[in-house]
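Summary of the model geometry
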Amino acid sequence: AQALPAALPPADAANGDVPSPLLRQDEQLELLERLDFVVRNIVELRKEVEELRNGLQHLAVEIVGEVRTHLEETQRVTRRRKFPFSRERSDSTGSSSIYFTASSGNANTDDGESEGGYSTANAESDYDRESERESEDEVSCDTVRTVRRDSLDLAPEDESPLVLDSTLEEGLGQLLEQADRLHSGDERDKREGFQLLLNNKLAYAEQREFLWRLARARCDMWELTEDADERRSYATEGKEELELALQKWDQSAECHQWFAILCGQVSELESIPKRIQAGYVFKEHIDKAIALKPQDPQLYYLLGRWCYQVAHLGWLEKRTVSALFEAPPTATVQDALQNFLRVEELSPGFSKAGRVYIAKCYKDLGNASAAVLWMKLASELPGNTKE
């Protein structure tokens, strides 16, 4: 009512008066200003409603997570995990940043580090497991269905393709196998794999093998996304999740590997000092991963990339390192070459990009014939990534 000034009374046509406009110019301007004020308030109100909705969703997630944790503690489900399928190797072997952001490459080896390729997250004695299995199975199955239904926005059980009629162990095994397959696919498969893992986070948030795969999927989404804010969100959330995971599973090579990569992705849009600091963190965790899994060619590829980038730091970056750090990182092209050759030694043809970098190292070292040879070897491998 306040936004609309009173209209002028109609003119008396019988007297021949000229009709006056309903609003004078100053009143029209005032009306437009008030309407603009109303529109701005509506927009702000819409934002507040959206923030409130997001807050309620997060609160619901926390409540469901607390219920699930309480149920797991009361059931004492800590049985040994074994999976009847092999684990495919991750193929994120590239880097678009001088500070070690990984992108997709070619990986086709299987280290077979444990039975079926998956390590045991939690274990207890066979005696305790057998004595409790019969009483736990029925309760565990109902608990899994309840929690996973909550993770899918409380959708009915029969409408969700992710709720499996199996135990927690069997459901996790099938989920990890499907996630590995989707990760090895095209862009659409990777997006589907990320959503699959995200939908099951509440049910398996305490499982090591699940968490590092979710971090890997966030890295995939980082590579597939062009928007800077979305990229930052994917990388930051993954880094925070693995930072907590490493407090429990410091002996997980995969957790160290993907934490290092996510640190590089987080620093992609940061200042030079922060990117350099991320380089220190990257090197620290890659070294830990290599100590835990010394036969993994991908880790040596990532270390080779780090050495190559450090060896080619620009003048400004070198000055920044010298000014901010007492012990700046040091690496030579020869160091990078040795790591890339180690990759070929462990798994010939592991990565097309790896052979290209061997050629680049030889070129930098003045060995043109070796550079040409390795470029020819690289051309023999399929190239299915943007890099």
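Quick caveat: nothing in here was measured; it's all calculated off a predicted structure. (Residues numbered from 1 in each chain as written. Predicted model: local features only at pLDDT ≥ 70, side-chain atom pairs only at ≥ 80, totals over all residues. Heavy atoms only, no water.)

**Description of the overall build of the chain**
Along the chain, the regular secondary structure elements total 14 helices and 2 strands. Burial status across the chain gives 44% buried among its 387 residues. Sequence-distant contacts in the chain: of pairs separated by 6 or more residues, those separated by 24 or more amount to 69%. By element, 53% of the accessible surface of the chain is carried by carbon and sulfur atoms, the whole surface being about 21100 Å². (Helix = DSSP H or I, 4+ residues; strand = E, 2+ residues; numbered from the N terminus. Buried < 20%, exposed > 50% of the residue type's maximum accessible area, 1.4 Å probe, protein only. Contact = heavy atoms within 4.5 Å. Areas by Shrake-Rupley, 256 points an atom, 1.4 Å probe, with all protein chains shown as cover.)

**Some points on the nonpolar core**
Core analysis: the largest hydrophobic core is formed by 66 residues, its most contacted members being Phe210, Leu242 and Ile286. Of all the elements, helix α6 (residues 208-224) adds the most residues to this core, at 10 residues. Looking at which domains feed residues into this core, each of domain 1 (173-294) and domain 2 (296-386) gives three or more. Other than its neighbours up to four places away in sequence, Ile286 contacts Gln257, Ala260, Leu299, Leu302 and Leu303. (Core = buried A, V, L, I, M, F, W, Y, C linked by side-chain atoms within 4.5 Å. Domains from an automatic or database assignment.)

**Details of the UniProt feature "coiled-coil region" (unreviewed entry) in the chain**
The feature "coiled-coil region" (unreviewed entry), as given by UniProt, occupies residues 35-62 in the numbering adopted here. Helix makes up 100% of residues 35-62 and strand 0%, whereas the separation of the span's terminal C-alpha atoms amounts to 41 Å. (UniProt positions renumbered as here; feature names shortened; annotations may be inferred.)

**Things to note about the pattern of salt bridges**
A complete count under the given rule lists 20 salt bridges for this structure. As a salt-bridge pair, Arg232 and Glu270 come within 3.2 Å of each other at their nearest N and O atoms. One end of the pair, Arg232, is in helix α7 (residues 228-248); the other, Glu270, is in the loop between α8 (253-266) and α9 (272-292), with 38 residues separating them in the sequence. Owing to a relative accessible area of 33%, Arg232 belongs among the partly exposed residues under this scheme. With a relative accessible area of 24%, Glu270 lands in the partly exposed category. Its salt-bridge partner being Lys293, residue Asp296 comes within 4.0 Å of it at the nearest N-O pair. (Salt bridge = Lys/Arg side-chain N within 4 Å of Asp/Glu carboxyl O.)

**Regarding helix α4 (residues 187-199)**
For α4, with 13 residues, the first-to-last C-alpha span of 19 Å sits near the 18 Å given by 1.5 Å per residue. Buried within α4 we find Lys190, Gly193, Phe194, Leu196 and Leu197. One side of α4 carries all its buried residues, which in axial view fall inside an arc of 160 degrees. For α4, the N-terminal cap is Asp186; the gap from its side-chain oxygen to the backbone nitrogen of Arg188 is 3.3 Å. (Expected span 1.5 Å × (residues − 1). Arc of directions from axis to C-beta. Polar contact = N/O pair within 3.5 Å; in protein donor to acceptor, adjacent residues only side chain to side chain.)

**A word on helix α11 (residues 315-324)**
For α11, the set of buried residues is Glu317, Thr320 and Val321. Viewed end-on, α11 has its buried residues packed into an arc of 100 degrees, placing them on one side of the element. Facing away from the buried side of α11 by more than 90 degrees, the exposed set consists of Trp315, Arg319, Ser322 and Ala323.

**Looking at the environment of Phe282**
Here Phe282 lies in helix α9. Counting along the chain gives 18 residues from Phe282 to Gly264, while the straight-line C-alpha distance between them is 6.9 Å.

**As for a nonpolar patch on the surface**
A surface patch of nonpolar side chains, about 470 Å² in accessible area, is lined by Leu52, Leu56, Leu59, Ile63 and Val67. Among the structural elements, Ile63 can be located in helix α1 (residues 25-75). (Patch = residues over 30% accessible without salt bridge, like charges linked within 9 Å, V, L, I, M, F, W, Y side chains within 5 Å.)

**Structural notes on the packing of aromatic side chains**
Following the criterion strictly, the structure yields 5 aromatic pairs and no others. Ring centres of Phe194 and Tyr234 lie 5.6 Å apart, and the angle between their planes is 90 degrees; on these two criteria the pair is classed as edge-to-face. Of this pair, Phe194 sits in helix α4 while Tyr234 sits in helix α7, and the two are 40 residues apart along the sequence. We note that Phe194, like Tyr234, is buried. Here the aromatic residues Tyr301, Tyr308, Phe340 and Tyr357 are joined through ring pairs into a cluster of three or more. Between Lys283 and the ring centre of Trp306, over which it is positioned, the NZ or CZ distance is 5.3 Å. Across from the ring centre of Tyr300, 5.4 Å away, lies the NZ or CZ of Arg342, which sits over that ring. (Phe/Tyr/Trp six-rings, centres within 6.5 Å; stacked < 30°, edge-to-face > 60°. Lys NZ or Arg CZ within 6 Å of the ring centre and 35° of its normal.)

**Structural notes on the confidence of the model for the chain**
For the chain, per-residue confidence averages 75 on the pLDDT scale, and residues scoring 70 or more make up 68% of the total. A low-confidence stretch, residues 77-165 (pLDDT under 50), is modelled with 219 contacts involving residues beyond four sequence positions or located in other chains. (pLDDT = per-residue confidence, 0-100.)

**Some details on the state of the cysteines**
Tallied over the full model, the rule gives 0 disulfides. A disulfide-free cysteine, Cys361 has its sulfur positioned 9.2 Å from the sulfur of Cys307, the nearest such atom. (Disulfide = S-S within 2.5 Å.)

**Looking at the packing of α9 against α11**
Packing of α9 against α11 brings their axes to within 10 Å, and their N-to-C directions diverge by 75 degrees. Looking at the two axes, α9 sits roughly perpendicular to α11. The residues of α11 that touch α9, namely those facing Ile272, Pro273, Arg275, Ile276 and Tyr280, are Leu316, Glu317, Thr320, Val321 and Leu324. By residue class, the composition of the contact of α9 with α11 is 7 nonpolar, 1 polar and 2 charged. (Axes fitted to C-alpha atoms, helices over the stretch in contact; angles between N-to-C directions. Parallel < 35°, antiparallel > 145°, perpendicular 65-115°, else oblique. Nonpolar A, V, L, I, M, F, W, Y, C, P; charged D, E, K, R; others polar.)

**A look at the packing of α6 against α8**
Contact geometry of α6 with α8 gives a least axis separation of 10 Å together with a crossing angle of 25 degrees. Judged by the inter-axis angle, α6 sits roughly parallel to α8. Between α6 and α8 lies a crossing whose hand is left-handed. Only Glu254, Cys255, Trp258, Ile261, Leu262 and Gln265 of α8 make contact with α6, whose side of the interface consists of Arg208, Trp212, Ala215, Arg216, Cys219, Trp222 and Glu223. For the contact of α6 with α8, the class distribution of residues is 8 nonpolar, 1 polar and 4 charged. (Left-handed = near helix turned anticlockwise from the far one by under 90°.)

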